[in-house]
Amino acid sequence: VQAIVTTHSPNLASVIPLENIVLMKEAQAFSLAPEHTSLSASDYAFLERFLDVTKSNLFFARGVVIVEGDAENLILPELAALIGRDFTANGVSVVNVGSTGLGRYARIFLRSNPAAGEIGIPVACIADLDVMPNDQAPYICGKLKMGEAVPAVADRKWRKASDFTSLELSGKRAAIRDRASGQMVETFVSNQWTLEYDLAHSGLQKEMFLAIQLALADDQIRGGNRTARAVLWKALKDWKTLNDEGHSAHDLASHIYAPLARKRVSKAIAGQYFAQILASRRRAKGQSVNWNAALPEYLRLAIEHVTVAPPASTIVPGTV
């Protein structure tokens, strides 16, 4: 019998069969053999195919955030730093699993018999609700042309809030959470539609607008035809015009989010610019900003789940 002990080698963890891995935490050993986990046979087969070196970093973290896209991977660490819960300082790994498999990765940390001991590593899964918040969003975001009748539910792939009763919408959110929840694993579902939309609906709406405008001009900026400064200057004027038009909160967020919904720009590129803007805001001096209030609640709760609270003296009082 050969045993290999490693403190941090995603390369080894990615090639060893999952059922042969034993996690060590606080002098306890947690076998990932089928009889000890909540993983199904299908989960094991899936993870054998897709658990690569990058994702295997989750075995060595003190906290894990599992996300469904590149934008979340870029944005979440910066949001955490804004509220004084830096992921690096807390030993948190963000694992991007793409649009599928979020629950499969999370179930690695769920024990079949928790009474015998839980792994104790906090895991936060970030999931989109994928329901448009109001009846205007399909028109603003390009699903329908202005004045066009809304097709029957069976004839479209997208959904809006009015397609559901409040009870049905709560049930949909609960069903997403239930894919991976329990013990130290928790799924956090977007308050409204998607992560980017929720940021556009939050106290960070201006930052999201600017990031999307920069992303729209990214090719020109990279090609040297425009400067980021010039794009930002125009975007700030456009933001004032849009914000002064008196839109409802949902309609304003839809206008901000529309280029992403229409796939005119990459979410990853917009996420990169958004993270850069937040980093710049975080480093700026003389601010009095309550960043906790600025974040969508589900993202704040997810970050809090995998980190420890900062000392009270580091929290900056104030309002956005």
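Residues numbered from 1 in each chain as written. Predicted model: local features only at pLDDT ≥ 70, side-chain atom pairs only at ≥ 80, totals over all residues. Heavy atoms only, no water.

Participant: What is the right way to look at the overall build of the protein chain in this model?
Facilitator: What the protein chain contains, in helices and strands, is 14 helices and six strands. Projected onto the principal axes, the alpha-carbon positions of the protein chain cover approximately 70 × 50 × 40 Å. When burial is assessed residue by residue, the protein chain has 46% of its 320 residues classed as buried. Long-range contacts, defined here as pairs at least 24 residues apart, represent 77% of the contacts in the protein chain between residues at least 6 apart. For the protein chain, the exposed surface amounts to about 16,100 Å²; the carbon and sulfur share of it is 51%. Of note, the protein chain has its 34 positive side-chain charges centred 5 Å away from the centre of its 32 negative side-chain charges. (Helix = DSSP H or I, 4+ residues; strand = E, 2+ residues; numbered from the N terminus. Buried < 20%, exposed > 50% of the residue type's maximum accessible area, 1.4 Å probe, protein only. Contact = heavy atoms within 4.5 Å. Areas by Shrake-Rupley, 256 points an atom, 1.4 Å probe, with all protein chains shown as cover. Lys, Arg positive; Asp, Glu negative; His and termini not counted. Charge placed at Lys NZ, Arg CZ, Asp CG, Glu CD.)

Participant: Can you walk me through the environment of valine 64 in this structure?
Facilitator: Along the chain, valine 64 turns up in strand S3 (residues 63–67). Exposure remark for valine 64: the relative accessible area of 0% places this residue in the buried category. Ignoring any residue separated from it by four or fewer positions in sequence, one finds valine 64 in contact with Leu58, Val92, Ser93, Val95, Phe109, Ile121, Pro122, Val123, Ala124 and Val306.

Participant: Looking at this structure, how should I read the packing of helix H8 (residues 205–216) against helix H11 (residues 249–261)?
Facilitator: How two helices pack is summed up by the angle between their axes together with the distance between the axes. Close contact between H8 and H11 brings their axes to 9 Å; oriented N to C, the two are set at 25 degrees. As far as their axial angle goes, H11 and H8 are roughly parallel. Of the two elements, H8 crosses H11, and the hand of that crossing is left-handed. Every residue of H11 that contacts H8 at Gln205, Met208, Phe209, Ile212 and Leu216 is listed here: Leu252, Ile256, Tyr257, Pro259 and Leu260. Residues that form the contact of H8 with H11 fall into these classes: nine nonpolar, one polar and no charged. (Axes fitted to C-alpha atoms, helices over the stretch in contact; angles between N-to-C directions. Parallel < 35°, antiparallel > 145°, perpendicular 65-115°, else oblique. Left-handed = near helix turned anticlockwise from the far one by under 90°. Nonpolar A, V, L, I, M, F, W, Y, C, P; charged D, E, K, R; others polar.)

Participant: Help me understand the nonpolar core in this model?
Facilitator: Grouped together as the largest cluster of nonpolar side chains are 61 residues, with contacts concentrated most on Leu79, Ile126, Leu199, Leu204, Ile256 and Phe274. Among all residues touching leucine 199, those that are not within four sequence positions of it are Ile75, Leu79, Leu204, Gln205, Met208, Phe274, Pro296 and Leu299. (Core = buried A, V, L, I, M, F, W, Y, C linked by side-chain atoms within 4.5 Å.)

Participant: Would you mind showing me how to read the side chain of glutamate 78 here?
Facilitator: Here glutamate 78 is to be found in helix H3 (residues 70–82). The residues contacting glutamate 78, other than those within four sequence positions of it, are Ala275, Leu278, Ala279 and Arg282.

Participant: Can you walk me through the pattern of salt bridges in this structure?
Facilitator: Here the idea is simple: oppositely charged side chains can pair when their charged atoms come close. Inspection of the entire model under this criterion finds 15 salt bridges. One salt bridge in this structure joins arginine 282 and glutamate 78, with 2.6 Å as the shortest N-O distance. Here the residue arginine 282 occupies a position in helix H12 (residues 267–283), and glutamate 78 occupies one in helix H3, the gap between them amounting to 204 residues. Two residues, arginine 281 and glutamate 207, come together in a salt bridge whose shortest N-O distance is 2.2 Å. Of this pair, arginine 281 sits in helix H12 while glutamate 207 sits in helix H8; the two residues are 74 residues apart in sequence, bridging distant segments of the chain. Three or more residues are tied together by salt bridges with common partners; here these are Asp135, Arg156, Lys160 and Asp163. (Salt bridge = Lys/Arg side-chain N within 4 Å of Asp/Glu carboxyl O.)

Participant: How do you make sense of the packing of aromatic side chains when you look at a structure like this?
Facilitator: Here a ring pair, both rings aromatic, is described through the centre-centre distance and the interplanar angle of the planes. Tallied over the entire structure, the rule returns six aromatic pairs. Between phenylalanine 46 and phenylalanine 50, the ring centres sit 4.8 Å apart and the planes meet at 45 degrees, which makes this aromatic pair tilted. Pair noted here: phenylalanine 46 and phenylalanine 50 are both in helix H2 (residues 41–50), with a separation of four residues, about one helical turn. A relative accessible area of 11% means that phenylalanine 46 is categorised as buried. (Phe/Tyr/Trp six-rings, centres within 6.5 Å; stacked < 30°, edge-to-face > 60°.)

Participant: I would appreciate a short explanation of unusual backbone geometry in the present structure.
Facilitator: What is expected of a backbone is that most residues other than glycine have negative phi and most peptide bonds are trans. Of note in the backbone geometry, glutamate 26 takes a positive phi value of approximately 50 degrees without being a glycine. The residue glutamate 26 is located in the loop between strand S1 (22–25) and strand S2 (28–31) in this model. Residue glutamate 26 is classed as exposed on the basis of its relative accessible area, which comes to 67%. Backbone geometry at alanine 27 places phi at a positive 65 degrees, although glycine is not the residue there. Here alanine 27 is to be found in the loop between S1 and S2. Residue classification places alanine 27 among the exposed positions, given a relative accessible area of 83%.

Participant: Would you mind going over the sheet that holds strand S5 (residues 123–127) with me for this structure?
Facilitator: Backbone hydrogen bonds hold the strands of a sheet together, and the pairing may be parallel or antiparallel. On the basis of which strands lie adjacent, the open sheet formed by four strands has the order S4-S3-S5-S6 and parallel pairing. The open sheet is flanked by strand S4 (92–96) and strand S6 (185–189), the only strands paired with a single partner. Neighbour-to-neighbour, the strand axes of the sheet open up by a mean angle of 20 degrees, direction not taken into account. The sheet contact formed by S3 and S5 spans three bridges and is parallel. When the bridges of S5 are listed, isoleucine 66 appears paired with cysteine 125. Across the sheet, helix H6 (residues 166–178) is in contact with S5 and S6; its angle to S6 comes to roughly 145 degrees. Most of the contacts of helix H14 (residues 297–306) go to S5, to which it runs at about 160 degrees, and overall it touches S3, S4, S5 and S6. (Pairing = 2+ DSSP bridges.)

Participant: For this particular structure, what's the right way to read the side chain of threonine 307?
Facilitator: Turning to its location among the elements, threonine 307 is positioned in the segment after H14. Of the polar contacts made by the side chain of threonine 307, one reaches the backbone oxygen of isoleucine 303; its length is 2.7 Å. The residues touching threonine 307, leaving out its near neighbours within four places in the chain, are Arg85, Phe87, Asn90 and Val92. (Polar contact = N/O pair within 3.5 Å; in protein donor to acceptor, adjacent residues only side chain to side chain.)

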